[in-house]
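Descriptive analysis of the structure
Each chain, letter by letter, is given below.
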Amino acid sequence: MPCPSSCSPGLLALMAPGLALMATFSLPSQAGDRRALPVEKPPGVKGRTLILLDVNTKSPVRIISENFLSLQLDPSIIHDGWLDFLSSRRLVTLARGLAPAFLRFAGKRTDFLQFHNVKNPAKSRGGPGPDYYLKNYEDDIVRSDIALDKQKGCKIAQHPDIMLELQREKAAQMHLVLLKEQFSNTYSNLTLTEPNNYRTLIGRSVNGSQLGKDYIQLRSLLQLIRTYSRANLYGPNIGRPRKNVIALLEGFMKVAGSTVDAVTWQHYYIDGRVAKVTDFLKTRLLDTLSDQIRKIQKVVNTYTPGKKIWLEGVGATSAGGMNNLSDSYAAGFLWLNTLGLLASRGIDVVVRHSFLDHSHNHLVDQNFNPLPDYWLSLLYKRLIGPKVLAIHVAGLQRKPRPGRVIRDKLRIYAHCTSYHNHNYVRGSITLYIINLHRSRKKIKLAGTLRDKIVHQYLLQPYGKDGLHSKSVQLNGQPLAMVDDGTLPELKPRPLRAGRTLVIPPLTMSFYVVKNVNALACRYR
């Protein structure tokens, strides 16, 4: 659920509109306008290939939303009594670091939240201040949102009670909900959640065409009310696109493809039974998302060519994640590859599940400490812009072995550097690299990138836990908040012009190539 805002003292308001993340290209299919570069080998290293890298700086291959990396809050924070903490100064600081973005309030529990139109006596008495959150479902969600909305204009993107939206016989009840005075300044966008799972959740199912009709009816209801007449509507937010789910999506798109502002789905890499950290390093696992993108795009482009697509809910594992795995440094390989792959394939927005909750897929833990994926997201926000660039690589050729599929363990993406980062002039380029090899790799910048000064941001696990670590270091310095109101300075390591990039094994890194004066990156 989207929630544009500039930056507000409350967590929800922090998600200011639009900082776009860098999109990128994966090695196996890089595009470029230059002929293949010769393969070189570093002296004294027998048989080891030096990778030559160049970027097409003339024009971007994709331009993604400025809100590309966005966040989700799970309704479990209400059930577990955590909503009070959203006014915490520490959480506000952490969320502000990832602004601007959309904020989606969603999860399976939203299907069962009910709103009661009962006037709260505290409101008529003046009640407590805007940072105090009353303890019932209606006030927990609605009142806190309104308080933050008044502070900085943050708008929640999803109406929580999906069952009202999907059942036509409750349309009148939905109408009453939408008319409630408390909602008048809160809900600007609506999105629905995993209709393919209703049989499991409530013993009932809904087909794609009926779901599409319900969306059309919901749109009609919204247009009857001035406050919501320009509201955005997103859906159907299906799960993994297996055969039956694709059939549901096709039925939906036939009926309501033009009704929604973006088509949405969810993806979780592992079902929660993973037992080893090495499972997060498997290239086959990373590549499952690529196949899903292809399936979703095929259906969408058949019925509504050019319609925007959002991955509106993504995490390393389903069922709440696994302690010391989905919240560890190792899970970052999945997260960074997700960002790069989605951007390179033209997916407009990705919503990370979750910013804060009681599981292990979150960016911030129960003690409000940022986890490795938070620092990864912060670097991405600071360094990556919305323009995705094509890259050309030479030196990665390998002989295929019979009966074995070769997938790359070195993944490179390129974007224009974020315009919001005033440490770099426009025209600079940012690379981000995932090295899943157990050996270091060397990359020589060529063509337009040759002999340029480079700033390195190398993210590695910190402490004795290795890939299981919940702490990280940037260029050898551990990352931690300075205090509840201050994030640390992300200091780069300058590399001299022309120096070969050395990528340590099992690491993630960002490289800003300064003063390239790339034509694609000079203007917004």
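Residues numbered from 1 in each chain as written. Predicted model: local features only at pLDDT ≥ 70, side-chain atom pairs only at ≥ 80, totals over all residues. Heavy atoms only, no water.

1. A look at the nonpolar core
As a reminder of what qualifies: For the purposes of this section, nonpolar cores are sets of buried Ala, Val, Leu, Ile, Met, Phe, Trp, Tyr and Cys residues that join through side-chain atoms within 4.5 Å. Partly exposed describes any residue whose relative accessible area lies between the buried limit of under 20% and the exposed limit of over 50%, with all areas from a 1.4 Å probe on protein chains only and scaled to the type maximum. The numbering of helices and of strands both runs from the N terminus, where a helix is a DSSP run of H or I of at least 4 residues and a strand a run of E of at least 2.
Membership of the largest hydrophobic core comes to 95 residues, with the highest contact counts inside it found for Trp265, Phe355, Tyr374 and Phe510. In terms of residue count, the dominant contributor to this core is helix H12 (residues 331-344) (nine residues).

2. Description of the packing of aromatic side chains
Convention followed: Only centres within 6.5 Å qualify two rings of Phe, Tyr or Trp (six-membered ring in Trp) as a pair; their planes then separate them into stacked at under 30 degrees, edge-to-face at over 60, and tilted for everything else. Whether a charge lies above a ring is judged from NZ of Lys or CZ of Arg, which has to be within 6 Å of the ring centre and within 35 degrees of the ring normal.
Per the counting criterion, the structure on display carries nine aromatic pairs. Relative to tryptophan 310, the ring of tyrosine 234 has its centre 4.2 Å away and its plane inclined at 25 degrees; by these criteria the two rings are stacked. Here tyrosine 234, found in strand E6 (residues 232-238), pairs with tryptophan 310, found in strand E8 (residues 309-317); they are 76 residues apart in sequence, far enough to count as distant. The two residues tyrosine 234 and tryptophan 310 agree in class, both being buried. Counting every residue linked through ring pairs, the aromatic cluster contains Phe68, Tyr380, Tyr413, Tyr432 and Phe510. Looking at arginine 352, its charged tip hangs above the ring of tryptophan 335, at a distance of 4.9 Å from the centre.

3. Topic: the state of the cysteines
Note the threshold: We call a pair of cysteine sulfur atoms a disulfide whenever their separation is within 2.5 Å.
Using the criterion set out here, one finds one disulfide in the structure. Two residues, cysteine 416 and cysteine 521, share a disulfide whose sulfurs are 2.0 Å apart. Judged by the torsion about the S-S bond (-75 degrees), the cysteine 416/cysteine 521 disulfide is left-handed. Taken as a pair, cysteine 416 in strand E12 (residues 410-417) and cysteine 521 in the segment after strand E20 (507-513) lie far apart in primary sequence, 105 residues in all. The pair formed by cysteine 416 and cysteine 521 is uniform in burial state, with each residue classed as buried.

4. A short note on helix H9 (residues 243-256)
Under the convention used in this document: What a helix is expected to span follows from its residue count: subtract one and scale by 1.5 Å. The contact definition used throughout considers only heavy atoms, calling two residues in contact when any of these lie within 4.5 Å.
Helix length check: H9, at 14 residues, gives a terminal C-alpha distance of 20 Å against a target of 20 Å (1.5 Å per residue), a fit within 8%. Every buried residue belonging to H9 is among Val245, Ile246, Leu248, Leu249, Gly251, Phe252, Met253 and Ala256, and all of these are buried. Where H9 is buried, its residues touch helix H8 (208-223), E6, strand E7 (262-270) and helix H11 (288-303).

5. Observations regarding the pairing of strand E13 (residues 429-435)
The test is simple: The pairing criterion for strands is at least two bridges between them, as found by DSSP.
The element E13 is largely enclosed, with a buried count of seven among its seven residues. Side chains Ile429, Leu431, Ile433 and Asn435 of E13 all project onto a buried face; the interleaved residues Thr430, Tyr432 and Ile434 project onto the opposite face, where all are buried too. Alignment of E12 against E13, held across seven bridges, turns out to be antiparallel. Each bridged residue has a counterpart across the sheet, and for leucine 410 the counterpart in E13 is asparagine 435. Judged from the seven bridges that link them, E13 and E20 form a sheet pairing that is antiparallel. When the bridges of E20 are listed, isoleucine 434 appears paired with methionine 508.

6. Examining the sheet that holds strand E14 (residues 441-445)
Quick note on the threshold: Here, axes are lines fitted to C-alpha atoms. For helices the fit covers the stretch in contact, and angles between N-to-C directions go from 0 to 180 degrees.
Reading across the sheet, the four strands line up as E11-E1-E14-E19 and stay open at both edges, with mixed pairing between neighbours. Each end of this open sheet is capped by a strand with a single partner; those strands are strand E11 (391-394) and strand E19 (501-503). Pairs of neighbouring strands in the sheet enclose a mean axial angle of 30 degrees, with direction left out of account.

7. Things to note about the environment of isoleucine 412
Position of isoleucine 412 among the secondary structure elements: in strand E12. Each C-alpha atom, one on isoleucine 412 and one on asparagine 337, is 9.1 Å from the other, the two residues being 75 residues apart in sequence.

8. What about the side chain of glutamine 473?
Our working definition: The term polar contact refers here to a pair of N or O atoms within 3.5 Å; inside protein, the definition further demands a hydrogen-donor-capable atom paired with an acceptor-capable atom, and it admits residues adjacent in sequence only when both atoms are side-chain atoms.
Looking at where glutamine 473 falls in the secondary structure, it is placed in strand E16 (residues 472-474). In terms of polar contacts, glutamine 473 uses its side chain to reach the backbone carbonyl oxygen of proline 461, at 2.9 Å. Excluding residues that lie within four positions of it along the chain, glutamine 473 makes contacts with Leu458, Leu459, Gln460, Pro461, Tyr462, Pro478 and Leu479.

9. Side note on the pattern of salt bridges
Two side chains carrying opposite charge are able to pair once their charged atoms lie near each other. What counts here: What counts as a salt bridge is simple: a side-chain nitrogen of Lys or Arg found within 4 Å of a carboxyl oxygen of Asp or Glu.
According to the stated counting rule, one finds eleven salt bridges in the structure shown. Its salt-bridge partner being arginine 411, residue aspartate 287 comes within 2.9 Å of it at the nearest N-O pair. Of this pair, aspartate 287 sits in the loop between helix H10 (283-286) and H11 while arginine 411 sits in strand E12, and the two are 124 residues apart along the sequence. On the basis of relative accessible area, aspartate 287 is assigned to the partly exposed category, the value being 22%. On the accessibility criterion, arginine 411 (5% relative accessible area) is buried. Residue arginine 294 is joined to aspartate 291 by a salt bridge in which the shortest nitrogen-to-oxygen separation is 2.6 Å. Of this pair, arginine 294 and aspartate 291 are both found in helix H11, three residues apart, which corresponds to roughly one turn of the helix. According to the relative accessible area criterion, arginine 294 is partly exposed, its value standing at 42%. Look at the salt bridges and you will find they share partners, linking Lys276, Asp279 and Lys282 into a network.

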